[in-house]
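This is what each chain is made of:
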Amino acid sequence: MFVRKFLRLIVLALSLSLLLAAPALAQDTVELSWITDLPGAEEVAERFTEYNPNITVRVDKVTFREVFQQNQIRLGAGSPEPDIVSVDAPVVAAYGFRGWLLPLDEAFSDEQTDGWIDALYTSSMYDGQLLAPPIWNSAQVMYYNADLLEAAGITPPAPDERWTWEQVTEAAQALANDADGDGVNDVWGLQFGQYNRIYQLQPIPESLPTAVLGEDALTVEGIIDSEDWVKAFTWFGDLHNSLGVSPQGGISSGELFRNSQLGIYVDGGWMINQFINNPVEFTWGTAPHPYWEGGEITVPGDSWHLGVNANTEHPDEATEFVKFASSVEAGRIWFDVWGVWPAHEVMIQELIDDPDNAEWPNQAFVVAAGEAPYVTPRPLTVGYLEYEEILSDAFEDIRNGADVAESLSQAAGRIQREMDKYRP
Amino acid sequence: MLKSVSLDRWTPVFFLAPAIVLLLVFRYIPIVLGFEEALYTNSLSQAGARKFVGLSNFLAVFEDPVVWGSFKTTLIFSLVVNPLQVGLALLLAELVNVRVPGIAVFRAIYLIPIAISAPVTAIAWGLALDPNYGLVNGIFRTIGLPRQPFLQSPDQALWSIIGIISWIGVPYWSLFFLAGLQGISKDVLESAHVDGASNLRTFLSIKLPLLRRIIAFVLVSDTVVNFTLFAPVYLLTRGGPQLSTHLVMYEAYRRGLVYGDIGIASAIISVLLIVVIVVVVVEFIVLRPRH
């Protein structure tokens with residue numbers, strides 16, 4: 001008897017709560033979904049909701065690699081979620097080609113689009129339409145451990161002194177040593193932050209200078225297996241093998257640098273904030289991104305963009321959010337939280353003019369901001385996903401001592417087969 | 001009377017229904033959908049639409065040297081890993097089946113790898129096998145052995161993966177053999193002992209034939225698990241170095257989830273499914289119980 005009464009009470013309570021919830025559901029509250037790995041995403045979403053109380057943004061945090069997979073599975077299946085799509089700059093074309101993103105030209109004023117750095121505006125477009133406005137930018141700089149350099153008898157570069165790769169190699173050889181004789185260097189000379197991704201390694205061939213993609217945006221044979229590429233990546237392979245100045249394996253370059261086990265380290269401007277807020281126990285410095293002697297200066301750049309899912313049930317609300325996330329105001333939130341590079345000309349100039357940035361270590365921001373004119377976007381091709389993934393295989397193999405010409409020629413063949421699928 | 005007969009007839013169906021429905025929903029329907037998906041492409045047509053392409057995804061699979069290479073690598077891998085795991089599991093089960101003081105403690109210890117999830121195991125072994133900073137090379141150095149590249153070498157990576165997954169697989173499958181061994185009647189073993197049979201003779205002539213059904217089950221299950229192996233390759237080698245660990249599942253993952261070409265990925269998986277079915281049927285025929 002008691003049990004029956006209890007059950008009846010539960011049923012009553014449940015139906016009441018459903019009745020009460022119904023009006024709330026009927027209200028115009030829209031929840032947008034967004035898959036991202038970006039620090040600061042929650043802060044930007046919260047500020048947006050302050051201005052638009054009827055719209056909330058559910059931020060689903062995943063790892064960097066998963067952002068692509070999770071989005072691509074859903075978009076490929078025609079799902080209405082996520083409403084907001086994180087798009088890495090070089091895949092704007094790939095997503096656009098597949099019809100996954102809503103064109104946003106009408107929603108954006110010239111004032112807002114003109115405020116973005118030119119290279120970023122270019123990579124927001126596919127087929128003449130604005131698909132994915134930039135929210136971040138990036139610039140790579142050369143970090144060095146001044147204590148290690150001086151101990152190796154090398155004068156560190158001045159903040160505006162751009163070393164050549166030849167100078168960097170020489171310094172790396174002087175830095176690398178195995179004092180305890182265990183066969184593993186105690187100090188390594190040089191490593192990149194993303195040592196197997198084209199994003200970071202693109203300037204090595206590009207600075208020679210040489211092309212990284214054919215003019216039709218679908219040809220790689222004869223380009224990435226050219227003599228110039230072999231020359232560029234022979235140097236990269238030698239660093240890891242015959243010269244033994246760069247560590248192999250799945251290491252974290254940032255950790256090695258922080259532990260004084262790495263003298264020179266090329267990585268994004270986003271590390272500056274980390275070194276300032278969580279200080280290292282040695283004198284560090286930054287210098288502009290290296291280039292080949294007699295070659296061109298090119299610096300890896302561009303970053304995340306945001307698009308609107310073509311199948312979203314909330315196109316207006318999602319577009320509103322993308323407009324906010326790519327505005328100067330959101331740019332300031334991104335910069336405050338993560339020190340990430342702004343996509344807006346006006347903010348770059350602010351960084352350079354800010355009196356607080358005249359002194360070390362904040363001066364590092366000025367060094368990175370000065371790289372903006374040299375930023376080269378990644379190859380703009382619908383086959384970028386294949387291009388990047390297969391080149392990563394080749395870069396790893398070259399790091400592990402595989403024959404450079406053979407690795408690049410195999411990669412060229414594999415990528416070309418994939419690219420040919422996209423030919424009309 | 002009639003009524004009760006019809007109830008009896010339907011009772012087993014009633015009890016089996018949930019399992020059959022789940023099998024249909026989570027196994028058979030997805031297999032059919034997978035085959036269907038392999039007949040379409042969505043990456044070559046504008047506006048994200050699906051286009052029927054017949055068998056051209058299958059043709060593309062057969063023409064692609066990388067996909068072929070991944071099937072070859074998977075076959076070599078399976079030929080090594082399945083007999084190795086089944087053999088070692090059987091040996092381990094025989095070893096822990098002895099009655100000595102403290103054996104229960106050892107039985108608990110050797111099962112620990114099973115309790116750790118495969119991705120965690122893979123990552124931990126990946127750290128241990130690091131060429132510069134790994135534990136294993138540290139031990140090698142202490143005992144005077146040269147440093148090994150392990151996962152960084154095209155000659156050692158596949159073997160390292162085999163070692164890592166066997167660390168979990170061998171104790172896991174040995175559980176089944178241990179149960180089988182303990183199910184063998186003591187009378188049979190004692191009479192063999194009285195007749196003067198050696199341990200080896202007892203194992204080969206009595207235990208092995210009696211374990212035939214379990215061996216068939218373990219071999220077939222292990223074959224399926226290893227043909228579809230993915231996590232360690234994804235986490236540790238990404239198919240490299242030089243495609244030496246590029247197993248079929250990893251290639252299918254890349255096509256489907258990295259390049260966004262679900263049609264080709266489904267075709268690869270469909271071919272893999274057929275290969276697995278053929279291998280499993282052969283295994284069942286070879287190991288079928290002889291009455």
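Residues numbered from 1 in each chain as written. Chains lettered and ligands numbered in written order. Predicted model: local features only at pLDDT ≥ 70, side-chain atom pairs only at ≥ 80, totals over all residues.

## Details of the overall build of chain B
For step 1, the next point in the chain: In terms of regular secondary structure, chain B is built from 14 helices and 2 strands.
For step 2, the next point in the chain: With the C-alpha coordinates aligned to their principal axes, the bounding extent of chain B is approximately 80 × 80 × 30 Å.
For step 3, the next point in the chain: Expressed as a percentage of contacts within chain B between residues at least 6 apart in sequence, the contacts between residues at least 24 apart total 68%. (Helix = DSSP H or I, 4+ residues; strand = E, 2+ residues; numbered from the N terminus. Contact = placed C-beta atoms within 7 Å.)

## Here we look at the overall build of chain A
For step 1, the next point in the chain: A count of helices and strands for chain A gives 19 helices and 12 strands.
For step 2, the next point in the chain: Computed over its C-alpha atoms, the radius of gyration of chain A comes to 25 Å, within 12% of the 22 Å expected for a compact globule of 424 residues.
For step 3, the next point in the chain: For chain A, the C-alpha atoms occupy an extent of roughly 85 × 55 × 55 Å along the three principal directions.
For step 4, the next point in the chain: Contacts spanning at least 24 positions in sequence make up 76% of the contacts within chain A whose residues lie at least 6 apart. (Rg over C-alpha atoms; globule rule 2.2 N^0.38 Å.)

## Some remarks on the domain arrangement of chain A
The parts lose accessible area when they come together, and the size of an interface is often stated as this lost area.
Residue and element names in this part refer to chain A.
For step 1, the next point in the chain: The domain boundaries assigned to chain A delineate domain 1 (27–138 + 302–362) and domain 2 (140–301 + 377–420).
For step 2, the next point in the chain: With centres defined by C-alpha atoms, the gap from domain 1 to domain 2 works out at 28 Å.
For step 3, the next point in the chain: With 17 residues of domain 1 in contact, the opposing surface of domain 2 contributes 17 residues.
For step 4, the next point in the chain: Those elements that place two or more of their residues in the side of domain 1 that touches domain 2 are α4 (92–97) and α6 (118–124).
For step 5, the next point in the chain: Its residues assigned to classes, the side of domain 1 that touches domain 2 shows 11 nonpolar, 5 polar and 1 charged. (Domains from an automatic or database assignment. Nonpolar A, V, L, I, M, F, W, Y, C, P; charged D, E, K, R; others polar.)

## Remarks on the nonpolar core
Residues and elements named next belong to chain A.
For step 1, the next point in the chain: Formed by 127 residues in total, the largest nonpolar core has its most connected members in Ile84, Leu101, Ile264, Phe321, Ala368 and Leu408.
For step 2, the next point in the chain: No other element matches helix α18 (residues 384–399), which puts 8 residues into this core.
For step 3, the next point in the chain: Both domains that meet at this core, namely domain 1 (27–138 + 302–362) and domain 2 (140–301 + 377–420), each give it at least three residues.
For step 4, the next point in the chain: Setting aside residues up to four positions removed in sequence, isoleucine 264 forms contacts with Met142, Tyr144, Val168, Ala171, Ala172, Leu175, Gly189 and Leu190. (Core = buried A, V, L, I, M, F, W, Y, C linked by C-beta atoms within 7 Å. Buried ≥ 20, exposed ≤ 12 C-beta atoms within 10 Å, placed from the backbone.)

## Here we look at the pairing of strand β8 (residues 262–268) of chain A
Residue and element names in this part refer to chain A.
For step 1, the next point in the chain: Along β8, 7 of the 7 residues are buried, which leaves the element largely enclosed by surrounding structure.
For step 2, the next point in the chain: One ladder, built from 4 bridges, connects strand β7 (residues 188–192) with β8; its direction is parallel. Directly across from tryptophan 188, in β8, lies its bridge partner leucine 262. (Pairing = 2+ DSSP bridges.)

## Here's the deal with the packing of helix α2 (residues 56–63) of chain B against helix α14 (residues 262–286) of chain B
Residue and element names in this part refer to chain B.
For step 1, the next point in the chain: Taken N-terminus to C-terminus, the directions of α2 and α14 make an angle of 70 degrees; their axes are 9 Å apart at the nearest point. Between α2 and α14, the angle falls in the class roughly perpendicular. Contact residues: α2 offers Asn57, Phe58, Ala60 and Val61, while α14 offers Gly263, Ile264, Ala267, Ile268 and Val271.
For step 2, the next point in the chain: Its residues assigned to classes, the contact of α2 with α14 shows 7 nonpolar, 2 polar and no charged. (Axes fitted to C-alpha atoms, helices over the stretch in contact; angles between N-to-C directions. Parallel < 35°, antiparallel > 145°, perpendicular 65-115°, else oblique.)

## Details of the interface of chain B and chain A
For step 1, the next point in the chain: The interface of chain B with chain A comprises 24 residues on the first partner and 26 residues on the second.
For step 2, the next point in the chain: The element contributing the most residues to the side of chain B that touches chain A is helix α13 (residues 248–258) of chain B, with 3 residues.
For step 3, the next point in the chain: Grouping the amino acids of the side of chain B that touches chain A by side-chain chemistry returns 9 nonpolar, 10 polar and 5 charged.

## Re the environment of Lys207(B)
All names here are of chain B.
For step 1, the next point in the chain: Mapped onto the fold, lysine 207 is located in helix α10 (residues 199–210).
For step 2, the next point in the chain: Sequence separation between lysine 207 and glutamate 36 is 171 residues; the distance between their C-alpha atoms is 46 Å.
For step 3, the next point in the chain: Residues in contact with lysine 207, not counting those within four places in the same chain, are Leu181, Ile184 and Thr202.

## Points about the sheet that holds β8(A)
All names here are of chain A.
For step 1, the next point in the chain: Pairing within the open sheet is mixed, and its 4 strands lie in the order β7-β8-β6-β9. The sheet terminates laterally at β7 and β9 (284–287), the two strands that pair on one side only. Across the sheet, the mean angle separating the axes of adjacent strands is 20 degrees when strand polarity is ignored.
For step 2, the next point in the chain: Looking at chain direction, strand β6 (residues 140–145) and β8 are connected through 5 bridges and run antiparallel.

## Observations regarding helix α14 (residues 315–325) of chain A
For step 1, the next point in the chain: Buried within α14(A) we find Glu317(A), Ala318(A), Thr319(A), Phe321(A), Val322(A), Phe324(A) and Ala325(A).
For step 2, the next point in the chain: Considering only its buried residues, α14(A) is in contact with β1 (30–36), α2 (41–51), β2 (55–61), β3 (84–88), β11 (304–308) and α15 (328–338) of chain A.

## Describing the pairing of β3(A)
Residue and element names in this part refer to chain A.
For step 1, the next point in the chain: Counting buried residues along β3, 5 of its 5 residues qualify, which places the element largely inside the surrounding structure.
For step 2, the next point in the chain: Side chains of β3 alternate between two faces, with Ile84, Ser86 and Asp88 and Val85 and Val87 buried alike.
For step 3, the next point in the chain: Here 5 bridges tie β3 to β11, and the two strands are oriented antiparallel to one another. Bridge assignment links valine 85 to a residue of β11, and that residue is glycine 307.

## Quick look at the confidence of the model for chain B
For step 1, the next point in the chain: Overall, the predicted model of chain B reaches an average pLDDT of 89, with 94% of residues at or above 70.
For step 2, the next point in the chain: For this predicted complex, the interface score ipTM comes out at 0.85, alongside a pTM of 0.86. (pLDDT = per-residue confidence, 0-100.)

## Quick look at unusual backbone geometry
For step 1, the next point in the chain: Cis geometry is found at the peptide bond from Glu81(A) to Pro82(A), where omega equals -5 degrees.
For step 2, the next point in the chain: If you trace the backbone, Pro82(A) turns up in the loop between α3 (64–76) and β3.
For step 3, the next point in the chain: Although it is not a glycine, Gln242(B) sits at a positive phi angle of roughly 50 degrees.
For step 4, the next point in the chain: For Gln242(B), the location among the structural elements is in the loop between α12 (231–237) and α13.

## Section: α2(A)
Residue and element names in this part refer to chain A.
For step 1, the next point in the chain: For α2, the full list of buried residues reads Ala41, Val44, Ala45 and Phe48. Along the axis of α2, the buried residues cluster in a sector spanning 100 degrees; they form a single face.
For step 2, the next point in the chain: Against the buried residues of α2 lie β1, β2, α14 and α15. (Arc of directions from axis to C-beta.)

## As for the confidence of the model for chain A
For step 1, the next point in the chain: Residues of chain A with pLDDT of at least 70 account for 94%, and the chain-wide mean is 90.
For step 2, the next point in the chain: Note on residues 18–26 of chain A: pLDDT under 50 across the span, and 0 contacts to partners over four residues away in sequence or across chains.

## Regarding the environment of Asp316(A)
For step 1, the next point in the chain: With respect to the element layout, Asp316(A) can be found in helix α14.
For step 2, the next point in the chain: Expressed as a C-alpha distance, the spacing of Asp316(A) and Phe233(A), which sit 83 residues apart in the sequence, is 47 Å.

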